[in-house]
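Examination of the molecular architecture
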Amino acid sequence: MGGAVSAGEDNDELIDNLKEAQYIRTELVEQAFRAIDRADYYLEEFKDNAYKDLAWKHGNIHLSAPCIYSEVMEALDLQPGLSFLNLGSGTGYLSSMVGLILGPFGVNHGVELHSDVIEYAKQKLDFFIKTSDSFDKFEFCEPSFVTGNCLEISPDCTQYDRVYCGAGVQKEHEDYMKNLLKVGGILVMPLEEKLTKITRTGPSAWETKKILAVSFAPLIQPNHADSGKSRLVHLPPVAVRSLQDLARIAIRGTIKKIIHQETMSKSGNGLKNPPRFKRRRVRRRRMETIVFLDKEVFASRISNPSDDNNNSEEMEEERHEEEETKPSELKPDPPVNFLREKVLSLPLPDPLKYYLLYYREK
């Protein structure tokens, strides 16, 4: 599934292509996609394919095509503070992007059938938290994953604001999926070969919208052959954040506001580098002769023997000028993590500084 947009050279170019094709339509979704590099969720030997609009599967590990994830993220209409349940959470790529939008007061749960995929997802999540500069640009709702069949979720589980299922849902399981939603919630799932958005408008009222045709592997049915009884999946409890954690969120938020104000102040004082203008060269054109003969039009070029030499000389001269006028300051500076710099400059004990930075590596 996929192939709707051109491949990119890197993650940003892939997102540019998804935007141009109108798969990504909102700023929040765009920011989340740019913040997490899709290639980080591939095995090393397959990373050459990471920026193609194609699904990828290796053993139990699976990623849907970027155009599918784009449509899912847009359809979910995510907002800070919502609760999200990902059925078939896989590598955790989608759950992590969702977590960037939900923010620190959201709920982010995933259910995955295969325990080896859960371990893979946890490794990728740990890598993102410890090494990505994008982590400090957001307040993250870290996903929690549990192993089990998503058709065996305990009936006493809490309902969610947003639910996504990453496998084909049979018609017989539609009501089961709907009951995972709060009133006002949105469910997105492949249903009868269509990516479908279902909004719960009341206790027994629903609105359904077909988004696009898709082809997903069907949900795996529970297997009770061994024990003869269901193995209920118990989702993580909705935990209340500690006062210490709330203080960290508040301090980081205050520092980000200060950084933003300082940035706006500098840009308002005309400290931005003035734009550079490249001198435009005027090339001589070859003359054309047009002859009208018995309602027919014939065009021919009259070449001056010196034209070719002149043009090559001009091109060589222009190339030298461009090389000479390339200023060193136009080279992109390495990215600066201003939040980290601010925290490390605070008059605080080192253990507290590293706590504010979530013990992340430089």
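Worth saying up front: this structure is predicted, and the values here are computed from it rather than measured.

Turning our eyes to something else, we now look at the overall build of the chain. In terms of regular secondary structure, the chain is built from 10 helices and 11 strands. Here the chain holds 362 residues, and the buried ones make up 41% of them. For the chain, the proportion of contacts with a sequence separation of at least 24, taken over those separated by at least 6, is 62%. When the accessible surface of the chain is totalled, it reaches about 21600 Å², and 53% of it is carbon and sulfur.

A separate point is unusual backbone geometry. Residue aspartate 77 is not a glycine yet carries a positive backbone phi of 50°. Checked against the element boundaries, aspartate 77 lands in the loop between helix H3 (66–76) and strand E3 (83–87). For aspartate 77, a relative accessible area of 38% translates into the label partly exposed.

Let's shift gears to the side chain of glutamate 74. Along the polypeptide, glutamate 74 turns up in helix H3. Although glutamate 74 is buried, it forms no salt bridge, and the closest oppositely charged side chain is arginine 25 at an N-O distance of 4.7 Å. In contact with glutamate 74, other than residues within four places in its own chain, are Tyr23, Ile24, Arg25, Thr26 and Val29.

So, about the confidence of the model for the chain. A residue-level look at the chain finds 78% of positions with pLDDT of 70 or above and a mean pLDDT of 85. Predicted confidence for residues 270–305 stays below pLDDT 50, and this span has 38 contacts to residues more than four positions away or in other chains.

Core analysis: the biggest nonpolar cluster contains 55 residues, and Phe33 and Met73 have the highest contact counts within it. When residues of this core are traced back to their parent elements, those giving at least two are helix H1 (11–20), helix H2 (27–35), strand E2 (61–63), H3, helix H4 (93–102), helix H5 (115–131) and strand E7 (181–191). Residue contacts for methionine 73: discarding those within four places in its chain leaves Val29, Ala32, Phe33, Leu78, Leu94, Met97, Val98 and Ile101. Counting residues in hydrophobic clusters, the runner-up holds 24 residues, among them Leu87, Cys150, Tyr160 and Val169.

Of the strand pairs in this sheet, strand E4 (residues 107–112) and strand E5 (residues 144–147) are connected by four bridges, and their pairing is parallel. Looking at the pairing, glycine 110 lines up with phenylalanine 145 of E5. Between E4 and its parallel partner E5, the chain crosses via H5, and the hand of that crossover is right-handed.

Side chains of Phe105, Leu243 and Leu246 sit close together on the surface and give an oily, nonpolar patch of about 340 Å² of accessible area. You can see phenylalanine 105 is positioned in the loop between H4 and E4. Judged by its relative accessible area of 53%, phenylalanine 105 is exposed.

The next subject is the packing of H2 against H4. In contact at an axis separation of 9 Å, H2 and H4 are set at 125° when each is read in the N-to-C sense. Put simply, H2 runs oblique to H4. In this structure, H2 meets H4 at a crossing whose hand is right-handed. Only Tyr93, Met97, Leu100 and Ile101 of H4 make contact with H2, whose side of the interface consists of Leu28, Val29, Ala32, Phe33 and Ala35. Its residues assigned to classes, the contact of H2 with H4 comprises nine nonpolar, no polar and no charged.

So, on to the pairing of strand E8 (residues 194–202). As paired strands, E7 and E8 are joined by six bridges and run antiparallel to one another. Each residue of the ladder has a partner; that of leucine 191, found in E8, is lysine 194. Here E7 folds back onto E8 in antiparallel fashion, the turn holding two residues, of which glutamate 192 has a positive phi close to 55°. Bridging between E8 and strand E9 (residues 205–213) involves eight bridges; their strand directions are antiparallel. Along E9, the bridge assignment pairs lysine 194 with alanine 213. Here E8 hands over to E9 after two residues, the two strands then running antiparallel side by side.

According to the stated counting rule, one finds 18 salt bridges in the structure shown. The closest approach of N and O atoms between aspartate 350 and lysine 353, which form a salt bridge, is 3.9 Å. Placement of both aspartate 350 and lysine 353 in helix H10 (residues 350–356) is noted, with a separation of three residues, approximately one turn of the helix. The class of aspartate 350 is partly exposed, set by a relative accessible area of 42%. Overall, the relative accessible area of 10% leaves lysine 353 in the buried class. Taken together, the shared-partner salt bridges in this structure form one network comprising Asp12, Asp16, Lys19, Glu30 and Arg34.

How each quantity is defined
Residues numbered from 1 in each chain as written. Predicted model: local features only at pLDDT ≥ 70, side-chain atom pairs only at ≥ 80, totals over all residues. Heavy atoms only, no water. Helix = DSSP H or I, 4+ residues; strand = E, 2+ residues; numbered from the N terminus. Buried < 20%, exposed > 50% of the residue type's maximum accessible area, 1.4 Å probe, protein only. Contact = heavy atoms within 4.5 Å. Areas by Shrake-Rupley, 256 points an atom, 1.4 Å probe, with all protein chains shown as cover. Lys, Arg positive; Asp, Glu negative; His and termini not counted. Salt bridge = Lys/Arg side-chain N within 4 Å of Asp/Glu carboxyl O. pLDDT = per-residue confidence, 0-100. Core = buried A, V, L, I, M, F, W, Y, C linked by side-chain atoms within 4.5 Å. Pairing = 2+ DSSP bridges. Right-handed = clockwise from strand over helix to strand, strands pointing away. Patch = residues over 30% accessible without salt bridge, like charges linked within 9 Å, V, L, I, M, F, W, Y side chains within 5 Å. Axes fitted to C-alpha atoms, helices over the stretch in contact; angles between N-to-C directions. Parallel < 35°, antiparallel > 145°, perpendicular 65-115°, else oblique. Left-handed = near helix turned anticlockwise from the far one by under 90°. Nonpolar A, V, L, I, M, F, W, Y, C, P; charged D, E, K, R; others polar.

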